[in-house]
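Residue-level structural notes
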Amino acid sequence: DPQQLELATSGKRKLRRFIVIDEVVDELYGSKVREYFEENNVQYKILALPTTEETKSMDLVLNILQEVQNFSIDRRTEPIIAIGGGVCLDIVGLAASLYRRRTPYIRVPTTLLSYVDASVGAKNGVNFLQCKNKLGGYTPPVASFLDRSFIQSIPRRHISNGLGEILKMALMKHKGLFDLLKSHGKYLLDTKFQSYSGSADHGDAALQTTRIAIETMLEELAPNLWEDDLDRLVDFGHLISPELEMRVLPSLMHGEAVNIDMAFMTYVAYMRGLITAEEKEQIIQCMRGLELPVWHSGCSWPLIKKALMERLKHSGGQPRMPLPTGLGVAEIFNDTSEETLERAYKLWVRE
């Protein structure tokens, strides 16, 4: 913004920034962040917080807002900056949307999951009454800054967790992305999504994979940002997983719970004759190759039934079940019988 730039360079007014950073990220990168603001002569306040599914609550939002109020920001020209994983981005987005009705904010994702998922779209929220993201809103950030170098410091399991959301987009919309994950999954895990000049055999798999995942996600979200249309392919893996994830906290991460849901739905698609036995096997093998769980003892038949009843409440009385109809193609179905679901469940558990 030229006006802001002039203010900053004319010395009339110092730039000010309020930053919320996940406390683990702060330990790893906090000194670099502080150095950056000091070198650029920015007056700043950094609030380091524990941002996990267990702390993702309205209390944390109010804690942030208290600090924002103390620091005092101009809601037109001083965006709040969120640096962290998906939970951090969600909490800060909600806090910003509430402060003086809407304060701009910037997302800086530091995990693979948040890089390809939480960085995109308008949603933010917190857990409430043991329900995932029960409180929230639709306030897009003014920008998302994507830097894959953050991903090199996260544990392998967290990278696998992010691959769950990438696989979702591959199965719903992009056969080429599915093939990339099948061929380069282990390499992406081993190299932590960094790009190396000596990796000719793999092309730049990390760049390709993340770019396609984000572009397909945007294609799906942009025309329906406020979810006026409840038929959403991006809901694949999100019918049973919210119930499962909250029930077994903290044993499953978000992308792992999503993958267990996708594995079950792959069996539902097979049982309905939408995919062949070979396609089902290819999907499950790809999941295993990405080191994602394909089953969990907590995902019982009563939990599945309860989760699908909840789904009906929030999706206009229809299940709106996205299912693969091949590799990289999908449709939404409202006519899957309970008998089909139960047969799919029994086969899934047996295999």
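Keep in mind that this is a model prediction, so the values were computed, not measured.

**With respect to the pairing of strand β3 (residues 80-84)**
- Counting buried residues in β3 gives five out of five residues, a clear majority hidden from the surface.
- Here β3 shows no split at all, with I80, A82 and G84 on one side and I81 and I83 on the other all buried.
- Bridge analysis of strand β1 (residues 16-22) against β3 gives four bridges, and the strand direction is parallel. Its bridge partner lying in β3, I19 is registered against I81.
- Viewed along the sheet, the connection from β3 through helix α4 (residues 86-98) into strand β4 (residues 105-109) turns out right-handed.

**A few points about the packing of helix α3 (residues 58-71) against α4**
- Two numbers describe how α3 lies on α4: the axes approach to 9 Å, and their chain directions differ by 60 degrees. Looking at the two axes, α3 sits oblique to α4. Remark: the crossing between α3 and α4 carries right-handed chirality. Between α3 and α4, the contacting residues are M58, L60, V61, I64 and L65 on the first element and I91, V92, L94, A95 and L98 on the second.
- Of the residues in the contact of α3 with α4, the class split is ten nonpolar, no polar and no charged.

**Side note on the packing of aromatic side chains**
- As enumerated under the stated definition, the model contains nine aromatic pairs in all.
- Centre to centre, the rings of Y36 and F37 are 5.3 Å apart; their planes meet at 75 degrees, and the pair counts as edge-to-face.
- Overall, the relative accessible area of 7% leaves F37 in the buried class.
- Ring plane angle 40 degrees and centroid distance 5.7 Å describe the contact between W301 and Y345, whose orientation is recorded as tilted. Here the residue W301 occupies a position in helix α12 (residues 301-314), and Y345 occupies one in helix α13 (residues 338-350), the gap between them amounting to 44 residues. For the residue pair W301 and Y345, the accessibility class agrees, reading buried in each case.
- In this structure an aromatic cluster arises from ring pairing among F264, W301, Y345 and W348.
- Above the face of the F71 ring, R16 is positioned so that its terminal group lies 4.1 Å from the ring centre.
- Geometry around Y270 places K280 over its ring, the cationic atom sitting 5.2 Å from the centre.

**Observations concerning the packing of helix α6 (residues 156-173) against helix α8 (residues 205-221)**
- Viewed as axis vectors pointing N to C, α6 and α8 meet at an angle of 65 degrees, and their least axial separation amounts to 9 Å. Crossing geometry of α6 relative to α8 is assigned as left-handed. Counting all contacts with α6, which are made through I166, K168, M169 and K173, the residues of α8 involved are T209, A213, T216, M217, E219 and E220.
- Within the contact of α6 with α8, the residues separate by chemical class into four nonpolar, two polar and four charged.

**Some points on the domain arrangement of the protein chain**
- Each assigned domain of the protein chain is listed here: domain 1 (13-151) and domain 2 (155-223 + 232-350).
- For domain 1 and domain 2, the distance between their C-alpha centroids amounts to 27 Å.
- Contact residues are listed per partner, giving 19 residues for domain 1 and 29 residues for domain 2.
- Roughly 1900 Å² is buried in total at the junction of domain 1 and domain 2, and carbon and sulfur atoms are behind 68% of that figure.

**Looking at the nonpolar core**
- Counting residues in each nonpolar core, the largest one holds 72 residues, and the members touching the most others are L167 and F264.
- The biggest single contributor to this core is helix α10 (residues 254-271), with ten residues.
- Excluding residues within four positions of it along the chain, F264 makes contact with I240, I304, L341, A344, Y345 and W348.
- By size, the runner-up hydrophobic cluster in this structure holds 25 residues, among which are L47, V68, A82 and C88.

**Quick notes on the pairing of strand β9 (residues 330-333)**
- Examined bridge by bridge, strand β8 (residues 321-324) and β9 share four bridges and lie antiparallel to one another. Bridge pairing in β9 links P324 to A330.
- Hairpin remark: β8 followed by β9, antiparallel, with five residues in the connecting loop; positive phi at G328, about 85 degrees.

**Observations concerning the side chain of T103**
- Locating T103 in the fold gives a position in the loop between α4 and β4.
- Taking relative accessible area as the criterion, T103 reaches 1% and is therefore assigned buried.
- Among the polar contacts made by the side chain of T103, one reaches the main-chain carbonyl oxygen of Y99 at a distance of 2.9 Å.
- Look past the residues within four positions of T103 in its chain and what remains in contact with it is I73, R75, E78, I80 and A96.

**A short note on the UniProt feature "domain: 3-dehydroquinate synthase N-terminal" (unreviewed entry) in the protein chain**
- This chain's UniProt record puts "domain: 3-dehydroquinate synthase N-terminal" (unreviewed entry) on residues 48-160.
- For residues 48-160, the helix share is 35%, the strand share is 25%, and the end-to-end C-alpha distance is 26 Å.

**Points about the sheet that holds strand β2 (residues 43-49)**
- Taken in spatial order, the five strands line up as β2-β1-β3-β4-β7 in an open sheet, and their pairing is parallel. Strands at the two margins of the open sheet, each flanked by one partner only, are β2 and β7 (143-144).
- Summarising the sheet, β4 and β7 pair through two bridges and their orientation is parallel. Looking at β7, one finds that I106 is bridged to A143.
- Packing against the sheet, α3 makes contact with β1, β2 and β3, and its axis sits at approximately 165 degrees to β2.

So, how was this worked out
- Residues numbered from 1 in each chain as written.
- Predicted model: local features only at pLDDT ≥ 70, side-chain atom pairs only at ≥ 80, totals over all residues.
- Heavy atoms only, no water.
- Buried < 20%, exposed > 50% of the residue type's maximum accessible area, 1.4 Å probe, protein only.
- Helix = DSSP H or I, 4+ residues; strand = E, 2+ residues; numbered from the N terminus.
- Pairing = 2+ DSSP bridges.
- Right-handed = clockwise from strand over helix to strand, strands pointing away.
- Axes fitted to C-alpha atoms, helices over the stretch in contact; angles between N-to-C directions.
- Parallel < 35°, antiparallel > 145°, perpendicular 65-115°, else oblique.
- Left-handed = near helix turned anticlockwise from the far one by under 90°.
- Contact = heavy atoms within 4.5 Å.
- Nonpolar A, V, L, I, M, F, W, Y, C, P; charged D, E, K, R; others polar.
- Phe/Tyr/Trp six-rings, centres within 6.5 Å; stacked < 30°, edge-to-face > 60°.
- Lys NZ or Arg CZ within 6 Å of the ring centre and 35° of its normal.
- Domains from an automatic or database assignment.
- Buried area = accessible area lost by both parts, 1.4 Å probe.
- Core = buried A, V, L, I, M, F, W, Y, C linked by side-chain atoms within 4.5 Å.
- Polar contact = N/O pair within 3.5 Å; in protein donor to acceptor, adjacent residues only side chain to side chain.
- UniProt positions renumbered as here; feature names shortened; annotations may be inferred.

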